[in-house]
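Results of the structural survey
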Amino acid sequence: METIYLGKSGLRVPKYILGTVPFSGTNGFEAAGDVKEDLARRMVDMSLEAGINMFDTANLYSKGDAERVLGAAIKGRRDQVLLTSKTGFPLSDDPNVRGASRNNILSSIDQTLERLGTDYLDLYFVHLWDGQTPVEETVETMTQLVKSGKIRHWGVSNYSGWALARTVTIAEQNGFIPPITQQIYYTPEARKRSMNCCRQGKSLGSVQ
């Protein structure tokens, strides 16, 4: 498997990674799949054999259950894999359990690490543009997580081009660590929808 550098970092990642939306299939994700621990472990085995050592998840997927399944699947081989997760989507009626606020990010990362059975993530994403929380608060919190060792790098997901540019600019101007990558909503099945959203000013990513 060919590897590439992640953004302008020194971290080399495989060109293909395994996503875990189908893992668990609970809490509203039943239609996405029902991959349980045994099958997830087999999928991780096959991925590693093919040179794919990076696995992407989110606290949104099955409301944390996907992280638990992935954690069980990689148990005993954390040093062989690269892990990513995300936070930002509302998971309850609590107005503080969502977005890119310091409160949500700090509580989310601890819960994610516990579910995955690890003490750090290689990459942590803000899952979507907040639009309410000051960007300074978000980038300062992510910088704090990098410096504390809970995450190695951070990125954004589903940001428009201007939102990504604003985030990077504010981080650099204030001496914080900027996001290293962007994960966009762009798939063979949803390509047309994503491009249409961009034209309507509702970009789910930075697709041009």
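The following paragraphs examine the structure supplied in this document. Just so you know, the residues in each chain are numbered from 1, in the order the chain's sequence is written. Given that this is a predicted model, residues contribute local features only at a pLDDT of at least 70 and side-chain atom pairs are listed and counted only at 80 or more, while totals for whole chains, interfaces and linings are drawn from all residues. Values reported for side chains reflect all heavy atoms of the structure, with hydrogen atoms and water molecules removed beforehand.

1. Points about the overall build of the protein
Along its length, the protein carries 6 helices and 8 strands. Reading the protein from its N end, one meets helices and strands in the order β-β-β-α-β-α-β-α-β-α-β-α-β-α. We call a residue buried when its accessible area falls under 20% of the maximum for its residue type, exposed when it is over 50%, and partly exposed in between, using a 1.4 Å probe and counting protein chains only. When the 208 residues of the protein are sorted by exposure, 46% land in the buried category. Look at the contacts in the protein between residues 6 or more apart in sequence, and 70% of them connect residues 24 or more apart. Carbon and sulfur atoms form 50% of the exposed surface of the protein, whose accessible area is close to 10,800 Å². The helix count covers DSSP runs of H or I at least four residues long, the strand count covers runs of E at least two residues long, and both are numbered beginning at the N terminus. Contacts are assigned to residue pairs that have any heavy atoms within 4.5 Å of one another. Here the accessible surface of atoms and residues is derived via Shrake-Rupley with a 1.4 Å probe, and residues count as covered only by protein chains that are part of the display.

2. Section: the packing of helix H3 (residues 102-116) against helix H4 (residues 135-148)
For the pair H3 and H4, the least separation of the axes is 9 Å and the interaxial angle reads 25°. The angle between the axes of H3 and H4 places the two elements in the roughly parallel class. Considering how the two elements wind past one another, H3 and H4 form a crossing that is right-handed. Taken together, the residues of H4 that come into contact with H3 (itself represented by Arg102, Ile105, Leu106 and Ile109) are Glu137, Thr138, Glu140, Thr141, Met142, Gln144 and Leu145. Three classes are used, and their members are as follows: Ala, Val, Leu, Ile, Met, Phe, Trp, Tyr, Cys and Pro are nonpolar, Asp, Glu, Lys and Arg are charged, and the others, Gly among them, are polar. Of the residues in the contact of H3 with H4, the class split is 5 nonpolar, 3 polar and 3 charged. Each axis is a line fitted through C-alpha atoms, and for a helix only the stretch in contact is used; angles between axes span 0 to 180 degrees, taken between their N-to-C directions. Angular relationships are summarised with four words: roughly parallel below 35 degrees, roughly antiparallel beyond 145, roughly perpendicular across 65 to 115, and oblique for the angles in between. In this scheme the handedness of a crossing depends on how the near helix is turned from the far one: anticlockwise by less than a right angle means left-handed, clockwise means right-handed.

3. So, the sheet that holds strand E6 (residues 123-126)
In this analysis, strands are considered paired if DSSP registers two or more bridges between them. Strand order in the open sheet formed by 6 strands is E3-E4-E5-E6-E7-E8, with parallel pairing between adjacent strands. Of all the strands in the sheet, the pair left with one neighbour each is strand E3 (18-19) and strand E8 (182-183). By the bridge criterion, 2 bridges tie E3 to strand E4 (residues 54-56) in an arrangement that is parallel. Looking at the pairing, Leu18 lines up with Phe55 of E4.

4. Considering the pattern of salt bridges
One speaks of a salt bridge when a side-chain nitrogen belonging to Lys or Arg is within 4 Å of a carboxyl oxygen belonging to Asp or Glu. Under the definition given, this model contains 9 salt bridges. Here Lys86 makes a salt bridge to Asp56, at a shortest N to O gap of 2.8 Å. With Lys86 in strand E5 (residues 82-87) and Asp56 in strand E4, this residue pair connects regions lying 30 residues apart in the sequence. Both residues of the pair, Lys86 and Asp56, count as buried.

5. Quick notes on the environment of Arg41
Topologically, Arg41 is positioned in helix H1 (residues 37-49). In contact with Arg41, other than residues within four places in its own chain, are Ala72, Ala73 and Arg77.

6. Describing H4
For an α-helix the count is 3.6 residues per turn, leaving residues at separations of three or four pointing the same way. In this model H4 runs 20 Å from its N-terminal to its C-terminal C-alpha over 14 residues, within 8% of the 20 Å that 1.5 Å per residue would give. Three or more residues of H4 are buried, namely Val135, Thr138, Val139, Thr141, Met142, Thr143, Leu145 and Val146. For H4, the elements touching its buried residues are H3, E6, strand E7 (154-157) and helix H5 (161-173). To estimate how far a helix should reach, multiply one less than its number of residues by 1.5 Å.

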